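Coordinate inspection notes
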Amino acid sequence: MRITIIADCSLRTSFVLLRDGLSWKMLFWKRLLLFAVFCAAFPQNHSIADDVLPVGSHPLALTTPHFPDRLHAYVWRNWQLVEPQHLARLVGTTTKNIDQMAASMGLPAVESVSPTMRERGYITLIRRNWHLLPYDQLLALLEMTPEELAHTLREDDFLYIKLGSLKPKCEPLRYQEPETAARRRAAEIKQVVQKHFGDLSKVTAEPRFHFVKTLSSLEGTSAPGNRTSIPRDEPLQMVYSYFGLFGDPLIDPDIEPIPAGLLARLAEMGVNGIWMHVVLRQLAPGGEDFPEFGDGHEQRLRTLKKLVAKAKRYGIGIYLYMNEPRAMPPAFFEHRPELAGIRQGDFWTLCTSNSRVRKWLSDSLAHVFGEVPDLGGVFTITASENLTNCASHGQHQQCPRCRDRTDAEIIAEVNATIAAGVHRGSPEARVIAWDWGWKGHGDAPDIISLLPKSVELMSVSEWSLPIERGSIKATIREYSISAVGPGPRAKKHWAYAKQAGLKTVAKVAVNNTWELSAVPFIPVMDLIAEHCENLANAGVDGKMLSWTLGGYPSPNLLVSQRFSTQPNTTQETVLESIALERYGSEAAPLARRAWTAFSEAFRNFPYGGAVMYNAPQQMGPANLLYANPTGYRATMVCFPYDHLESWRGPYPAEVFAEQFEKIAHGWAEGLLHFEKTVAATSGTHRAAAESDLSVARAVHLHFASVANQVRFVLARDALRQANLSVEQQQQLHQQIQQIVDSEIVLASGLFAVTSQDSRIGYEASNHYFYVPLDLVEKVVNCEYVRDQFADEP
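Residues numbered from 1 in each chain as written. Predicted model: local features only at pLDDT ≥ 70, side-chain atom pairs only at ≥ 80, totals over all residues. Heavy atoms only, no water.

Per the secondary structure count, the protein chain includes 28 helices and 14 strands. Computed over C-alpha atoms, the radius of gyration of the protein chain comes to 26 Å, within 12% of the 28 Å expected from 2.2 N^0.38 for 793 residues, which places it in the range of a compact globule. Along the first, second and third principal axes, the C-alpha atoms of the protein chain reach 70 × 70 × 55 Å. Looking at the protein chain residue by residue over its 793 residues, the buried ones come to 62%. A separation threshold of at least 6 residues defines the contact pool for the protein chain, and within that pool the share at least 24 residues apart is 77%. For the protein chain, the exposed surface amounts to about 29900 Å²; the carbon and sulfur share of it is 51%. (Helix = DSSP H or I, 4+ residues; strand = E, 2+ residues; numbered from the N terminus. Rg over C-alpha atoms; globule rule 2.2 N^0.38 Å. Buried < 20%, exposed > 50% of the residue type's maximum accessible area, 1.4 Å probe, protein only. Contact = heavy atoms within 4.5 Å. Areas by Shrake-Rupley, 256 points an atom, 1.4 Å probe, with all protein chains shown as cover.)

Printed below as a string of structure tokens:
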């Protein structure tokens, strides 16, 4: 098939160029030429993505009625992120026409565009064009082949699931000279922009990803960077790199996932482990059984060696995420059917009851750890959303080799196989088995009892913790800071582990969670200290402090470090000392009051799995208001749309809104204390306080907006009911107008915050949820919605 041949040629050329010593910049232009040839090989009426990329139910894309048309929306949403000349080529016009279209809406002129967004923010580009461009044009925008995008959609932390497991149907977008109505609407948008924001060209803004430059620099750090070993006997304090790439972080040697400046800052906060996402078949050769595995593994191992050596100098070990063996498509098993286990969708498991699969798994890890013996270790997840072993989704009885075995035997054997391979390469490396998903998140003493003694058991601290919010009873699963663990499941599993002679690790969040991931940390220090003290009392041996979110070098991490290294310390002692160090003696008491107010407010978070993943708190004021229901369901930490039913989880809509209003009200009180904190500081203390105030303000704006959005959907949908009195209709119209006014204030406030702070809106596995111009668009959207509800009955 031509698609596969050309795409494979492109990838193969990448490694030939690297082998011959050519730069990645030269590689970029070579691959761009290949992509052009690739596109030209197909007639215009044939989609190059037809047989490669998923579309799901393929519903019609959402329209953008607050813009003159889709072309204007395309220009706006890619402005300052993609070069104007590239935008022009994609729709068949000149750069001048694109520049004029941008100017007609009040957008500032663009002199140059950094390539960083395409390198580090490609998920942001995918998300903001998902409803605007068909796959062919999306591929051209991203300069990806279909295979590369398919890999990103599957392997970049379930991106396709986050996007809704569907591709909205979009017709090809072509430039057309704006008609009179479009020009008139563009002029109206420009007036809105100037009314609320003034001349955008005069707004001084920090470039997106500026924090990468700041955190990469060693300036202002104190960690010496002269360690000669990693601390294998210290209590583990492990995070993910704040801006590490999730999909294939080792293939590009020019992109540093964990630069020296970040290592130094994390070391100062007590971190001694950083984990990173890898796919094993990309990291080691496949041997005789799987010769197609390992393409590019030499380059990845070279990058990994350099990273491990650099991290070691700061006393930090690098740990690999092992979610293996990954399921494969049917073609993989065409000549090896005996290796196939169970099927889900378009993929089959590599059955680990077959000794050849286990041999590959063990040998591959032995190769990696033999080549890079200073790796800290691995942590395994053997029953995740990803289909891996035949018992990973509880369907092993469908496999002819596994049906007579227990899930405990299969999962324990996979962990033992991984441990054997790791320890063949590096006997001192740590192997941490995470119990996520075991027995459907139930008790798993039989699995724990079968684990090798060399393995440590990790459990989510807060899992199965009972809570009550707004008189609604619920149970915590994971990713909660608002509810303080540990919970019953973790306590049981740690007890089982200790009985089996295993060390224990707590999976806990101390910086942020999906309760709110769009800020680098949530300054609820009292909650963090309470949880860390509880874990110290529980006697756990180490902590994994973050998932992909939560790797920022914040004072929250320092709380965990103090409890790990200072036996018998107390919450108040830890918090007072950190406040004193960070803000100085005069400001410290004020900061403590702010932290307590933030913590008490956050205890009101209406926790639920649906709430965390579907509600609009990640987008905050950047999420649009829709005058008419979209018909789309909210998706996992990606598109909230307007689907209140999937936002609220177990909470009635009124209670749901009230809980976010409680958070916003309590948080506003804390902000008053923290503003006084800033005023009481000077010098380096002032810089830290102002930085933390920026984060705290963003948190408030996000939560206040969620409450608004819930109220808006309720009022909008109420107006669609029959038999409303005139008075009821008038009240709902007035309520909508008040909500729109409030959202304009919140969006404008977040624009001011995020324009000056490139950390706001970013998370490592989702990239930027929004950029400053999205907040300007929200105001344009609000004014449009206001007009739709302007005529009261």
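Side chains of a nonpolar character, in soluble globular proteins, are inclined to be buried together. The biggest cluster of nonpolar side chains holds 273 residues, and the ones touching the most others in it are L304 and L320. Excluding its chain neighbours within four sequence positions, the residues that come into contact with L304 are L250, M276, I318, L320, V368, V372 and L375. (Core = buried A, V, L, I, M, F, W, Y, C linked by side-chain atoms within 4.5 Å.)

The subject of this paragraph is the pairing of strand β3 (residues 317-322). Burial analysis of β3 places six of its six residues in the buried class, which makes it a mostly covered element. Residues of β3 alternate between two faces, with G317, Y319 and Y321 on one and I318, L320 and M322 on the opposite face, all of them buried. Pairing of strand β2 (residues 273-277) with β3 involves five bridges; the strand directions are parallel. Each residue of the ladder has a partner; that of I274, found in β3, is I318. Each parallel crossover has a hand, and for β2 linked through helix α14 (residues 297-312) to β3 it is right-handed. Of the pairings in the sheet, the one linking β3 to strand β6 (residues 377-381) comprises four bridges and is parallel in character. Opposite M322, over in β6, you have T380 as the bridge partner. (Pairing = 2+ DSSP bridges. Right-handed = clockwise from strand over helix to strand, strands pointing away.)

Counting through the fold element by element, N708 comes out in helix α26 (residues 683-719). A polar atom in the side chain of N708 sits 3.0 Å from the side chain of E743. Excluding residues that lie within four positions of it along the chain, N708 makes contacts with I739, S742, E743 and L746. (Polar contact = N/O pair within 3.5 Å; in protein donor to acceptor, adjacent residues only side chain to side chain.)

So, about the pattern of salt bridges. Taken as a whole and assessed by the stated rule, the structure comprises 43 salt bridges. Ionic pairing is found between E777 and R77, a salt bridge with its closest N-O pair at 2.7 Å. One end of the pair, E777, is in helix α28 (residues 772-788); the other, R77, is in helix α3 (residues 70-78), and 700 residues separate them in sequence. Per residue, the accessibility class of E777 equals that of R77, and both read buried. A salt bridge links D741 to R786; the shortest N-O distance between them is 2.7 Å. (Salt bridge = Lys/Arg side-chain N within 4 Å of Asp/Glu carboxyl O.)

As for its placement among the helices and strands, P259 is situated in the loop between β1 (236-240) and α13 (260-268). Sequence separation between P259 and R281 is 22 residues; the distance between their C-alpha atoms is 25 Å. When residues no more than four places from it in sequence are discounted, the contact partners of P259 are S216, F243 and K310.

Let us now look at the sheet that holds β2. Taken together, eight strands build a closed barrel; the order of strands is β1-β2-β3-β6-β7-β8-β11-β12 and the barrel is parallel. Along the sheet, successive strands turn relative to each other by an average axial angle of 25 degrees, direction set aside. Lying over the sheet, helix α18 (residues 488-499) contacts β8 (455-460) and β11 (504-507), oriented at roughly 170 degrees with respect to β8. (Axes fitted to C-alpha atoms, helices over the stretch in contact; angles between N-to-C directions.)

Another aspect to go through is the environment of Q788. Tracing the backbone shows Q788 in helix α28. Sequence-wise, Q788 and N628 are 160 residues apart; in three dimensions their C-alpha atoms are separated by 9.7 Å.

Here the focus is the packing of α3 against helix α7 (residues 122-129). Between two packed helices, what matters for the description is the angle formed by their axes and the separation of those axes. The N-to-C vectors of α3 and α7 enclose an angle of 160 degrees; their axes lie 10 Å apart at closest approach. What the angle tells us is that α3 and α7 run roughly antiparallel. Crossing of α3 over α7 shows right-handed handedness. Contacts from Y74, R77 and N78 of α3 reach α7 at L125, R128 and N129. Its residues placed into classes, the contact of α3 with α7 shows two nonpolar, two polar and two charged. (Parallel < 35°, antiparallel > 145°, perpendicular 65-115°, else oblique. Left-handed = near helix turned anticlockwise from the far one by under 90°. Nonpolar A, V, L, I, M, F, W, Y, C, P; charged D, E, K, R; others polar.)

Next up on the list: the packing of aromatic side chains. Per the stated rule, a full pass over the model turns up 44 aromatic pairs. Consider the rings of Y240 and W275, whose centres lie 4.6 Å apart with planes at 50 degrees: the pair is tilted. Taken together, the residues Y240 in strand β1 and W275 in strand β2 connect sequence positions 35 residues apart. For the pair Y240 and W275, a shared accessibility class is recorded, and that class is buried. Linked through ring pairs, F209, F211, Y242, F243, F521, Y552, Y762 and Y768 together constitute an aromatic cluster. A cation over an aromatic ring shows up here: R154 above the ring of F347, its NZ or CZ 3.5 Å from the ring centre. Positioned above the aromatic ring of W130, the side-chain terminus of K167 is 5.1 Å from the ring centre. (Phe/Tyr/Trp six-rings, centres within 6.5 Å; stacked < 30°, edge-to-face > 60°. Lys NZ or Arg CZ within 6 Å of the ring centre and 35° of its normal.)

Moving on: α26. Here α26 is 37 residues long and its end C-alpha atoms lie 54 Å apart, about the 54 Å a rise of 1.5 Å per residue gives. In terms of burial, α26 is a largely internal element, 27 of the 37 residues being buried. (Expected span 1.5 Å × (residues − 1).)

Further remarks concern α18. Its 12 residues give α18 an end-to-end C-alpha distance of 17 Å, which sits within 8% of 16 Å, the value for a rise of 1.5 Å per residue. If you check which residues of α18 are buried, you get R489, A490, H493, W494 and A497. Within α18, the buried residues cover an arc of 125 degrees as seen down the axis, which keeps them to one side. Opposite the packed face of α18, turned more than 90 degrees from it, sit the exposed residues K491 and Q499. Tucked inside the fold, the buried residues of α18 contact α17 (445-450), β8, β11 and α19 (525-538). In the stretch just after α18, G501 is the one whose phi turns positive, near 80 degrees. (Arc of directions from axis to C-beta.)

To continue, consider the pairing of strand β5 (residues 347-350). In summary, the side chains of a regular strand alternate between the two faces of the sheet. The pairing of strand β4 (residues 340-344) with β5 spans three bridges and is antiparallel. Across the sheet, A340 pairs through a bridge with L350, a residue of β5. Linking two consecutive strands that pair antiparallel, namely β4 and β5, is a turn of two residues; a positive phi of about 60 degrees is found at G345 within it.

Glancing now at the confidence of the model for the protein chain. Mean pLDDT for the protein chain: 92, with 94% of residues reaching 70 or above. Here residues 1-46 is modelled with pLDDT under 50, and outside its nearest four sequence neighbours on either side it reaches 47 contacts, counting other chains as well. (pLDDT = per-residue confidence, 0-100.)

A word on unusual backbone geometry. Residue E324 is joined to P325 through a cis peptide bond whose omega torsion reads -5 degrees. Locating P325 in the fold gives a position in the loop between β3 and β4. Positioned with a positive phi, Q80 is a non-glycine residue whose angle comes to about 75 degrees. Among the structural elements, Q80 can be located in the loop between α3 and α4 (84-91). A positive phi angle, near 40 degrees, is found at V637, a position not held by glycine.

Looking now at the side chain of E783. Following the sequence through the fold, E783 ends up in helix α28. Once residues lying within four places of it in the same chain are set aside, the contact partners of E783 are V192, K195, H196 and I744.

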